[in-house]
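Chain by chain, the residues:
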Amino acid sequence: MDWVNDKIEKQYKNIMTKSYSLLALAFLFTLTVSFGQKQEYAGWALAEVQNAIDHCEEKALATLDNLEDYKKSPRTIHTGEKHWNAKPTGGWTSGFWAGILWYVYEGTGNEEVKTAAEKFTDEIETILARPVKSHDMGFIFNCSYGNGYRLTKKEAYKKTLLIAADSLSHLFNPQVGTILSWPAQVHKKVFYPHNTIIDNMMNLELLFEASKLGTNNEYYKMADSHAKVTANNQIRPNNTVYHVLVYDDKTGKAIQKVTHQGYSDESVWARGQAWGIYGYTMSYRETGNKKYLKTAEKLAEAYLKRLSNDFVPFWDFDDPSIPNTVKDASAASIVASAFLELSDLQMNSRAKIFYRTEAEKMLRSLSSPSYLSSTENDAFLLHSTGNKPKNGEVDIPIIYADYYYIEALIRLKKILQSEMASNQTSKE
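As the structure is a computational prediction, the values presented were derived from the model and not from experiment.

Reading the values: the criteria
- Residues numbered from 1 in each chain as written.
- Predicted model: local features only at pLDDT ≥ 70, side-chain atom pairs only at ≥ 80, totals over all residues.
- Heavy atoms only, no water.
- Pairing = 2+ DSSP bridges.
- Helix = DSSP H or I, 4+ residues; strand = E, 2+ residues; numbered from the N terminus.
- Axes fitted to C-alpha atoms, helices over the stretch in contact; angles between N-to-C directions.
- Contact = heavy atoms within 4.5 Å.
- Buried < 20%, exposed > 50% of the residue type's maximum accessible area, 1.4 Å probe, protein only.
- Parallel < 35°, antiparallel > 145°, perpendicular 65-115°, else oblique.
- Left-handed = near helix turned anticlockwise from the far one by under 90°.
- Nonpolar A, V, L, I, M, F, W, Y, C, P; charged D, E, K, R; others polar.
- Phe/Tyr/Trp six-rings, centres within 6.5 Å; stacked < 30°, edge-to-face > 60°.
- Lys NZ or Arg CZ within 6 Å of the ring centre and 35° of its normal.

A. Region of interest: the sheet that holds strand S6 (residues 244-247). Taken together, the three strands give an open sheet; going across it, the order is S5-S6-S7, and neighbouring strands pair in antiparallel fashion. The open sheet has two free edges, formed respectively by strand S5 (194-197) and strand S7 (254-258), since each of these has just one partner strand. Adjacent strand axes in the sheet meet at a mean angle of 20°, parallel and antiparallel pairs treated alike. Bridge count for S5 against S6 is four bridges, and the pairing is antiparallel. Each residue of the ladder has a partner; that of Ile197, found in S6, is Val244. Contacts between helix H9 (residues 218-233) and the sheet are confined to S5, S6 and S7, with S6 contributing the most and set at about 100° to the helix.

As structure tokens, this is what we get:
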């Protein structure tokens, strides 16, 4: 974590050179106070976080009023429109809306939202009634059924998670050591023969969870293998990630490196970097493998070095049109959520504070008039970008940006509540 200490020291010196000595001392105090004892933290207050969650509740209720039924879930809001464009259950984003509802329920206790979460979650099970052709079972089922099971412990949710994990496991190639991405495209020879995208790091959580819920340790081994192989092959020497790795499906040899949704194959696609940070943070939490922690930290360092002053990245850090190009709020919300967990997993107090501080900066920016939808439409956030090279979903609200935003708010709320409880105990 030397780079974190260096960054703190550099920020301190920059402040001192401007002769703001009192501000510098306050800043240094904020960053060096111990997390193990009584805590002082110059970040978001619990009331602020709750207000942000309550705003999300208002938007979620408005969306529920405007959705036709439970068979479609929100995906995007087109420019100039107010309500979500909903898609039939089945696509890779199908689980985010149900997940948002579970988080809103968790943050507010609203029983109406819980009832809606249950209905949208139940609808997702229909995906398992047809042949599975998606590597995104984690996105679909962990966000919906996973959050539902975490909050309710319903046995039916557990069973569905195990079935979904089993379906995902059939895409694992032991010769390569990773899960196949885009299985439906293999016969079309899209890259071909065994594609693995960085997004797939997010789907490993379903396998890790299933290994704990059931008795099949193979799920754990598959997820761990995927994380190791991806770290070995998909991360550049400068700690940025390729979007797609193409492997020989018979030998496991890496044969092509592509950044399909970025500016170019060698460019740094912001959301891809975000998936990597989140995925390796989660993998460390599930395995305790410190190599995954270091990977997450290195990816985080590379991301922060390139980050805009408003803490929301341009869609690709290497787009030559910067600053005259679009941002991606979804990447910022993913990283903010990941950083809060990365902070929680740190043993070093300075590193713990550093990631927490950076996460709160990102959340504060996302919650500002520049990115928060407010009354403009039913989304939480504006200015996300899906696939700019194909002019798909550019500079509009996208459902997964809202999902990771509310997830980050809930994580921050829990941290603040835990700190308050700890402080209260220390006073007694």
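B. Geometry of the environment of Ala62. Tracing the sequence through the fold places Ala62 in helix H3 (residues 46-66). Residue class for Ala62 comes out partly exposed when judged on its relative accessible area of 22%. Expressed as a C-alpha distance, the spacing of Ala62 and His83, which sit 21 residues apart in the sequence, is 8.9 Å.

C. The arrangement of unusual backbone geometry in detail. Look at the link from Ile322 to Pro323: it is a cis peptide, with omega at 10°. Positionally, Pro323 belongs in the loop between helix H11 (290-306) and helix H12 (329-345). Backbone geometry at His383 places phi at a positive 65°, although glycine is not the residue there. With respect to the element layout, His383 can be found in the loop between helix H13 (349-366) and helix H14 (399-427). On the accessibility criterion, His383 (26% relative accessible area) is partly exposed.

D. Structural view of the packing of helix H8 (residues 204-213) against H9. Contact geometry for H8 and H9: axes closest at 7 Å, N-to-C directions at 150°. Comparing the axis directions of H8 and H9 gives the class roughly antiparallel. By crossing handedness, the relation of H8 to H9 is classed as left-handed. In this structure, H8 uses Leu204, Leu207, Phe208, Ala210 and Ser211 to contact H9, whose residues at the interface are Tyr219, Tyr220, Met222, Ala223, Asp224, His226 and Ala227. For the contact of H8 with H9, the per-class residue count stands at nine nonpolar, two polar and one charged.

E. Structural detail: the packing of aromatic side chains. For the coordinates displayed, the defined rule picks out 24 aromatic pairs. Between the aromatic rings of Tyr70 and Phe120, the centroid separation amounts to 4.9 Å while the plane-to-plane angle is 70°, which identifies the pairing as edge-to-face. In this pair, Tyr70 sits in the loop between H3 and strand S1 (72-76) while Phe120 sits in helix H5 (residues 111-124), placing the two residues 50 residues apart along the sequence. By relative accessible area, which is 4% here, Phe120 ends up buried. Ring geometry for Trp102 against Tyr105: centres 6.5 Å apart, planes inclined by 75°, an arrangement best described as edge-to-face. Placement of the pair is Trp102 and Tyr105 together in helix H4 (residues 94-108), with a separation of three residues, close to one helical turn. The exposure classification of Trp102 matches that of Tyr105, with both residues buried. Taken together, the aromatic side chains of Trp92, Phe96, Tyr103, Phe139, Trp275, Tyr278, Tyr400, Tyr403 and Tyr404 make up a single cluster linked through ring pairs. When the ring centre of Tyr242 is taken as origin, the NZ or CZ atom of Arg236, which lies over that ring, is 4.1 Å away.

Everything listed here is a matter of coordinates, which is why it stays silent on function.
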